[in-house]
Amino acid sequence: MRSNQFRLSALMLTVLLGACVTPVSTAIKPTEANIAKYSELSALDVVTAFEKSVNDAKTANMDFLAPNYYSEASKVLAESQNGLSSKPKEQLAQLAAKGDAILEKGRSVMSIVQYRFSKELELKAQLDHLNAAKTLPKDYEKLMKDFTSLIVKVERELPENLDKPKEILFDALQKLEVRAVQEGALHESEAINADSKNKLAEKQVPATYSEAVRIYQDAHTQIAAAPHDQELVARLSRQALFAARHAQQLNDRVIELQTQLKGGSNSASPAMGMSIGGGAGAASLNTQSSSSAGVEKGAMEKVVLQEEDRLASIATALGQKDLRDLSFDKQAAEIKRAAADAAAKARNEDGIAAAKSMEVRLQAAKDATQKALAQVADKDQLLAAQTAQLAEKDALITQLNDKITALTPKKKVKAKR
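Residues numbered from 1 in each chain as written. Predicted model: local features only at pLDDT ≥ 70, side-chain atom pairs only at ≥ 80, totals over all residues. Heavy atoms only, no water.

## Details of the overall build of the chain
Working step 1: Tallying secondary structure elements over the chain gives 16 helices and 0 strands in all.
Working step 2: Within the chain, the fraction of its 417 residues that count as buried is 38%.
Working step 3: If you sum the accessible surface of the chain, you get close to 24,100 Å²; carbon and sulfur atoms cover 54% of it. (Helix = DSSP H or I, 4+ residues; strand = E, 2+ residues; numbered from the N terminus. Buried < 20%, exposed > 50% of the residue type's maximum accessible area, 1.4 Å probe, protein only. Areas by Shrake-Rupley, 256 points an atom, 1.4 Å probe, with all protein chains shown as cover.)

## Considerations on the nonpolar core
Working step 1: Formed by 46 residues in total, the largest nonpolar core has its most connected members in Phe50 and Phe117.
Working step 2: Of all the secondary-structure elements, those providing two or more residues to this core are α3 (43-59), α4 (62-65), α5 (67-82), α6 (89-116), α7 (118-129), α8 (132-135), α9 (137-155) and α10 (163-198).
Working step 3: Apart from the residues lying within four places of it in its own chain, the contact partners of Phe50 are Tyr38, Ala73, Val76, Leu77, Ala96, Gly99, Asp100 and Leu103.
Working step 4: In terms of nonpolar packing, the next biggest core, distinct from the first, is built from 15 residues, Leu250, Leu261, Val304 and Ile335 among them. (Core = buried A, V, L, I, M, F, W, Y, C linked by side-chain atoms within 4.5 Å. Contact = heavy atoms within 4.5 Å.)

## As for unusual backbone geometry
The phi angle of most residues is negative, glycine excepted, and most peptide bonds adopt the trans form.
Working step 1: Positive phi is not limited to glycine here, since Glu157 has a value of about 55°.
Working step 2: Look at Glu157 and you get exposed, because its relative accessible area is 62%.

## Considerations on the packing of α5 against α9
Working step 1: Where α5 meets α9, the closest approach of the two axes is 8 Å, and the angle between their N-to-C directions is 80°. Relative to α9, the element α5 lies roughly perpendicular. Residues Pro67, Asn68 and Tyr69 of α5 lie in contact with α9, whose contacting residues are Thr148, Ile151, Val152 and Glu155.
Working step 2: Taken together, the residues that form the contact of α5 with α9 break down as 4 nonpolar, 2 polar and 1 charged. (Axes fitted to C-alpha atoms, helices over the stretch in contact; angles between N-to-C directions. Parallel < 35°, antiparallel > 145°, perpendicular 65-115°, else oblique. Nonpolar A, V, L, I, M, F, W, Y, C, P; charged D, E, K, R; others polar.)

## Focus: the pattern of salt bridges
Working step 1: Enumeration according to the criterion identifies 17 salt bridges in this entry.
Working step 2: In this structure, Lys199 engages Asp195 in a salt bridge whose closest nitrogen and oxygen atoms are separated by 3.5 Å.
Working step 3: Residue Glu211 pairs with Arg214 through a salt bridge whose shortest N-O separation is 2.9 Å. Placement of the pair is Glu211 and Arg214 together in helix α12 (residues 206-225), with a separation of 3 residues, close to one helical turn.
Working step 4: The structure contains a network of salt bridges with shared partners spanning Arg253, Glu256 and Glu307. (Salt bridge = Lys/Arg side-chain N within 4 Å of Asp/Glu carboxyl O.)

## Thoughts on α3
Working step 1: Compared with an ideal rise of 1.5 Å per residue, which puts 17 residues at 24 Å, α3 spans 25 Å between its outermost C-alpha atoms and is within 8% of the ideal.
Working step 2: The set of residues buried in α3 consists of Val46, Val47, Phe50, Ser53, Val54 and Ala57. The buried residues of α3 occupy an angular sector of 120° when projected down its axis, which confines them to one face. Exposed residues on α3 whose side chains face more than 90 degrees from its buried face are Leu44, Lys52 and Thr59.
Working step 3: Tucked inside the fold, the buried residues of α3 contact α2 (32-39), α4, α5 and α6.
Working step 4: Among the residues trailing α3, Asn61 stands out with phi positive, at a value near 75°. (Expected span 1.5 Å × (residues − 1). Arc of directions from axis to C-beta.)

## With respect to the side chain of Ser196
Working step 1: Residue position: Ser196 is located in helix α10.
Working step 2: In this structure, Ser196 is in contact with Ala201, Tyr209, Ala247, Gln248 and Asn251, ignoring residues within four places of it in sequence.

## Regarding the confidence of the model for the chain
Working step 1: In this model, the chain carries an average pLDDT of 81, and 68% of its residues clear a pLDDT of 70 or more.
Working step 2: Scored below 50 in pLDDT, residues 8-21 makes 19 contacts in the model with residues more than four places away or belonging to other chains.
Working step 3: The model gives residues 265-294 a pLDDT under 50, and that stretch makes 76 contacts with residues more than four places away or in other chains. (pLDDT = per-residue confidence, 0-100.)

## As for the packing of aromatic side chains
Working step 1: Applying the stated rule across the entire model yields 2 aromatic pairs.
Working step 2: Taken together, Phe64, Phe117 and Phe147 form an aromatic cluster joined through their ring pairs.
Working step 3: Sitting over the ring of Phe64, Lys124 keeps its end group 4.7 Å from the ring centre.
Working step 4: Between the NZ or CZ atom of Lys166 and the centre of the ring of Phe117, over which it lies, the distance is 5.5 Å. (Phe/Tyr/Trp six-rings, centres within 6.5 Å; stacked < 30°, edge-to-face > 60°. Lys NZ or Arg CZ within 6 Å of the ring centre and 35° of its normal.)

## Structural notes on the packing of α6 against α7
Working step 1: Between α6 and α7, whose axes approach to 5 Å, the crossing angle comes to 90°. Between α6 and α7, the crossing angle belongs to the class labelled roughly perpendicular. Residues Val113, Gln114, Tyr115 and Arg116 of α6 touch α7, and the partners they reach there are Ser118, Glu120 and Leu121.
Working step 2: Across the contact of α6 with α7, the residue classes tally to 3 nonpolar, 2 polar and 2 charged.

## Quick look at the environment of Pro88
Working step 1: When you line up the elements, Pro88 lands in the loop between α5 and α6.
Working step 2: As a C-alpha pair, Pro88 and Ala43 span 45 residues in sequence and 7.6 Å in three-dimensional space.

## Describing helix α14 (residues 299-317)
Working step 1: A rise of 1.5 Å per residue sets the reference length of α14, with its 19 residues, at 27 Å; its end C-alpha atoms lie 28 Å apart and thus fit the reference within 8%.
Working step 2: Turning to α14, its buried residues number three or more, namely Ala299, Met300, Glu301, Val303, Val304, Glu307, Glu308, Leu311, Ile314 and Ala315.
Working step 3: Residue Gly319 follows α14 closely and has a positive phi angle near 75°.

## Notes on the environment of Asp45
Working step 1: Here Asp45 lies in helix α3.
Working step 2: The exposure class of Asp45 is partly exposed, given its relative accessible area of 39%.
Working step 3: For the pair Asp45 and Lys89, spaced 44 residues apart in sequence, the C-alpha to C-alpha distance is 9.9 Å.
Working step 4: Within the local environment of Asp45, its side chain forms a polar contact with the side chain of Ser42, the two groups lying 3.1 Å apart. (Polar contact = N/O pair within 3.5 Å; in protein donor to acceptor, adjacent residues only side chain to side chain.)

Right under this line is the structure:
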């Protein structure tokens, strides 16, 4: 946050340097009231009191609403602080009185700016609330530069008509607000979808991934139409995030099962190897290392979706929420915990029987997944064998064509007389 404030201050200073010809303080003289405020204080108290006035001005946002006046007052404060050990008290009091007069003028300018830019300032406050300086730094910085240049013109009492520039600024602020709402609501789901895409989710879980992208894009559109509907934005954010995590977990599960296929793993999968009572391991898979090379697009996704459905039916029976945005091993762990809790509460034959029933269902779900995986492996091996046979036939045809070509006599071309 401090780095953003520093960037904004530096930005406004750049604008000021370009817009200012003479310091605003040259035409400002301290009043008797300004001088009387510091005349009875000690040198240290003079500097301390004026420092508080400058800090209060910053808290009131004078550095943005009247940047030239705040800048000049800050210079006076720095001169006072540096001269605390070398300047007499009377001179320090004069400096503080002048700085006080500058701040008074700055406060009057602030009122004018707040009146003339009331709608634009409301949008800026909303952008700050949405942390746009961090989420959309380049666009935010550019708009604040444009905003500050208009404020400086008001501050300098320039006669230029600002109606059109204000209209352009207001439109840009509105558009940035919509983008900031979208970014805040959908940034995480967008990042997860991008990660899934990098892990080939489009090919491995095409149906689930495309659905996650569709939900994200739909949320993006709906938020643009109603960025101030907080309830809608929150709901769309949850839906997009759930869909993104769901696709991510499915894709990770497919990668895990593909690894088993390639390696001919005999071990149970992490998710389905967990049972309420520590059931037996999964059936072994005797597949060759070359398998999965020819698995059709989305075939493994179907296996994983079936596995997910079996887990979901058990979770539903236990009164669990939708767990599909969790990894498969975490889903199984949640089911195990819920079943154990139910059994502990019941502590009777019915409760124990229900817990054992859930254990059987988990084991059956695990076995069904391994059976489906074995079927995919068998289909893959058959496809590979068929591909090899076709390659042999292609080679034989090529050889026959070469022999035919060699045996066919070439026709002699008769010379023209």
